[in-house]
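A structural walkthrough
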Amino acid sequence: MTVTLITGANKGLGFEAARQLVAAGHQVWIGARDPDRGKQAADAVNAQFVQLDVTDDASVAAAAHSVGDLDVLVNNAGIAGERTEPAQTTAAHLRRVYETNVFGPVRVLHAFLPILQKSARPVVVNVSSGLGSISTAAEPGSPWAAFAMVYSSAKAALDMLTVKYAAAFPDMRVNAVDPGFTATDLNQHRGSQTVAEGARVIVQYATIGPAGPSGGFFSSTGPVPW
Ligand code: NAP
């Protein structure tokens, strides 16, 4: 059975991806920083719970020890951070969001790499965002040009890390995905999609076979411009 870990899976897109992957026959670990909410979420979808705070080295190391075997890692945990204007944005704003959205996936991948590399079909899905697309933001007149600078730049960094990991590990399928604007706590449920719709692309790239793409950036409609 394919063993899958999803970080930040006690709610939102991660939880829905867990539900869909259990239905697809995966043995799913719900990574969550809060044990009560994590256990409750795992019980609700017949998954297993592992305590995992992506900003905490000890928590991530302990999670890697508990999980033991792993085929699919979904780096989903993420925060929106404060939406500051560029002139008001400080290094501290970036550091807080990068700690979860950029250093988190690196911390988790680094800790789980030895067990992922033992898998016959290792897969990594980095949950990015269309807001991380530099080419979209840089289009003349783009409404996204100055929008959400901290969050967008963190997702752009995650996209570059995806390319680097994919190149470094050719036997692994490593892709970034954009779920699209989805109603979750992250955006006070303003998103236009349901979590079922948003999680679909996460599940699609969590279930790709060894012949599937690696080092790409995809939404449910196909490649996303970098
Ligand atoms: P959400 O409902 O707020 O869920 C975020 C999850 O991440 C929660 O389970 C949260 O746990 C967890 N998390 C935050 N910090 C963590 C940490 N340090 N360690 C472990 N878990 C942590 O948001 P969502 O919309 O489902 O977001 C999931 C991913 O999709 C994020 O990477 C986000 O950037 C991305 N995304 C979302 C949208 C959208 O429109 N919703 C669009 C594009 C991309 P707690 O409950 O403990 O806070």
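Report on the accompanying structure. On a predicted model such as this, the values are computed, not experimentally measured, just so you know. (Residues numbered from 1 in each chain as written. Predicted model: local features only at pLDDT ≥ 70, side-chain atom pairs only at ≥ 80, totals over all residues. Heavy atoms only, no water.)

Some details on the overall build of the chain
- On a plain count of helices and strands, the chain comes out with 8 helices and 8 strands.
- Taken over C-alpha atoms, the radius of gyration comes to 16 Å for the chain, in line with the 17 Å a tight globule of 226 residues would show.
- By principal-axis analysis of the C-alpha atoms, the chain measures approximately 50 × 40 × 30 Å.
- Counting all 226 residues of the chain, 50% fall into the buried class.
- The contacts in the chain between residues at least 6 apart in sequence include a share of 66% that link residues at least 24 apart.
- When the accessible surface of the chain is split by element, carbon and sulfur atoms take 56% of a total near 10,600 Å².
- Averaged over its 16 positive side-chain charges, the chain has a centre that lies 1 Å from the centre of its 18 negative ones. (Helix = DSSP H or I, 4+ residues; strand = E, 2+ residues; numbered from the N terminus. Rg over C-alpha atoms; globule rule 2.2 N^0.38 Å. Buried < 20%, exposed > 50% of the residue type's maximum accessible area, 1.4 Å probe, protein only. Contact = heavy atoms within 4.5 Å. Areas by Shrake-Rupley, 256 points an atom, 1.4 Å probe, with all protein chains shown as cover. Lys, Arg positive; Asp, Glu negative; His and termini not counted. Charge placed at Lys NZ, Arg CZ, Asp CG, Glu CD.)

Looking at the packing of aromatic side chains
- Applying the stated criterion to the full structure yields 4 aromatic pairs.
- On the numbers, 6.2 Å between centres and 15° between planes, the contact of Tyr165 with Phe169 is stacked. Phe169 matches Tyr165 in its accessibility class, with the two residues each being buried.
- Arranged with centres 4.6 Å apart and planes meeting at 5°, the rings of Tyr205 and Phe218 form a pair that is stacked. Highlighted residues: Tyr205 in helix α8 (residues 195–206) and Phe218 in strand β7 (residues 217–219), separated in sequence by 13 residues. (Phe/Tyr/Trp six-rings, centres within 6.5 Å; stacked < 30°, edge-to-face > 60°.)

Quick look at α8
- If you check α8, its first and last C-alpha atoms are 16 Å apart, about what 12 residues at 1.5 Å a residue would give, namely 16 Å.
- Every buried residue of α8 is listed here: Gly198, Ala199, Val201, Ile202, Val203, Tyr205 and Ala206.
- Looking at the buried side of α8, the elements it contacts are α1 (12–23), β4 (72–75), β5 (123–127), β6 (173–177) and β7. (Expected span 1.5 Å × (residues − 1).)

Some details on the side chain of Thr100
- By the secondary structure assignment, Thr100 is in helix α4 (residues 91–101).
- Given a relative accessible area of 11%, Thr100 falls into the buried group.
- Look past the residues within four positions of Thr100 in its chain and what remains in contact with it is Val54, Thr55, Ala77, Gly78, Ile79 and Pro105.

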